[in-house]
Amino acid sequence: MNRFLLKLAMSMVVAGLFCSTPAAAQVAPTTKKAANVKITQGPGIERADSYLTIVRWTINNPGGSPEHYGVVHYGVNPKDLNQTAKSPIRLNPGHPDTVFRVRIQGLQPGTTYYYRVDSMEASGKGDGVTSEVKTFKTK
């Protein structure tokens, strides 16, 4: 009986070494912020259909919490970007850059839209990077 209990205890110890709680596995470290956060590529349009438009841009690592949002402010008047679309992303602390892709749905066909991009942490704290106003036309 003692041999059985010893084997059982050893198997529980080994299993504990290879298993972790889901909460502990999902905690990501805070990422170090780049010295000068800036847009390194884009923003640009991957597609511009009325039912789906995708805006994409890259910034050097914004740092901070691992949960971020890419944000697109858009509208039909360049001085009044009164609509917002955002998409979540998780930063990878091992990558020097972050690529944001934001989906915009429900636009009017054959319409010119103006947009500006930025990004923020899940808390709402901005990364301090905003693009100039750009334009696209839906099909």
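Below or above, wherever it landed, is the structure these notes cover. (Residues numbered from 1 in each chain as written. Predicted model: local features only at pLDDT ≥ 70, side-chain atom pairs only at ≥ 80, totals over all residues. Heavy atoms only, no water.)

Here we look at the pairing of strand S1 (residues 39-48)
Item 1. For S1 and strand S2 (residues 53-60), the ladder comprises six bridges, and the chain directions are antiparallel. Each bridged residue has a counterpart across the sheet, and for Ile45 the counterpart in S2 is Val55. (Pairing = 2+ DSSP bridges. Helix = DSSP H or I, 4+ residues; strand = E, 2+ residues; numbered from the N terminus.)

Remarks on the nonpolar core
Item 1. Core analysis: the biggest nonpolar cluster contains 17 residues, and Val55, Trp57, Val72, Tyr74, Ile104 and Tyr115 have the highest contact counts within it.
Item 2. Put simply, the parts of the chain that give this core at least two residues each are S2, strand S3 (67-75), strand S5 (97-104) and strand S6 (112-121).
Item 3. Not counting chain neighbours up to four residues away, the residues in contact with Tyr74 comprise Leu81, Asn82, Gln83, Thr84, Ala85, Ile104, Leu107, Tyr113, Tyr114 and Tyr115. (Core = buried A, V, L, I, M, F, W, Y, C linked by side-chain atoms within 4.5 Å. Buried < 20%, exposed > 50% of the residue type's maximum accessible area, 1.4 Å probe, protein only. Contact = heavy atoms within 4.5 Å.)

Some thoughts on the packing of aromatic side chains
Item 1. One pass over the full model with this rule turns up four aromatic pairs.
Item 2. Ring centres of Tyr113 and Phe136 lie 5.6 Å apart, and the angle between their planes is 20°; this geometry places the pair in the stacked category. Note that Tyr113 is positioned in strand S6 and Phe136 in strand S8 (residues 134-137), a separation of 23 residues in sequence. The same class applies to Tyr113 and to Phe136, which are both buried.
Item 3. Ring centres of Tyr115 and Phe136 lie 5.7 Å apart, and the angle between their planes is 55°; this geometry places the pair in the tilted category. Highlighted residues: Tyr115 in strand S6 and Phe136 in strand S8, separated in sequence by 21 residues.
Item 4. The class of Tyr115 is buried, set by a relative accessible area of 2%. (Phe/Tyr/Trp six-rings, centres within 6.5 Å; stacked < 30°, edge-to-face > 60°.)

Quick word on the pattern of salt bridges
Item 1. Summed over the entire model, instances satisfying the criterion amount to four salt bridges.
Item 2. Across the pair Arg47 and Asp49 runs a salt bridge, and its minimum N-O distance is 2.6 Å.
Item 3. Judged by its relative accessible area of 32%, Arg47 is partly exposed.
Item 4. With relative accessibility at 10%, the residue Asp49 sits in the buried group.
Item 5. In this structure, Glu67 and Arg90 form a salt bridge, with 3.2 Å as the shortest nitrogen-oxygen distance. With Glu67 in strand S3 and Arg90 in strand S4 (residues 83-90), this residue pair connects regions lying 23 residues apart in the sequence.
Item 6. Note on Glu67: relative accessible area 41%, which makes it partly exposed. (Salt bridge = Lys/Arg side-chain N within 4 Å of Asp/Glu carboxyl O.)

The values are spatial; any link to function lies outside them.
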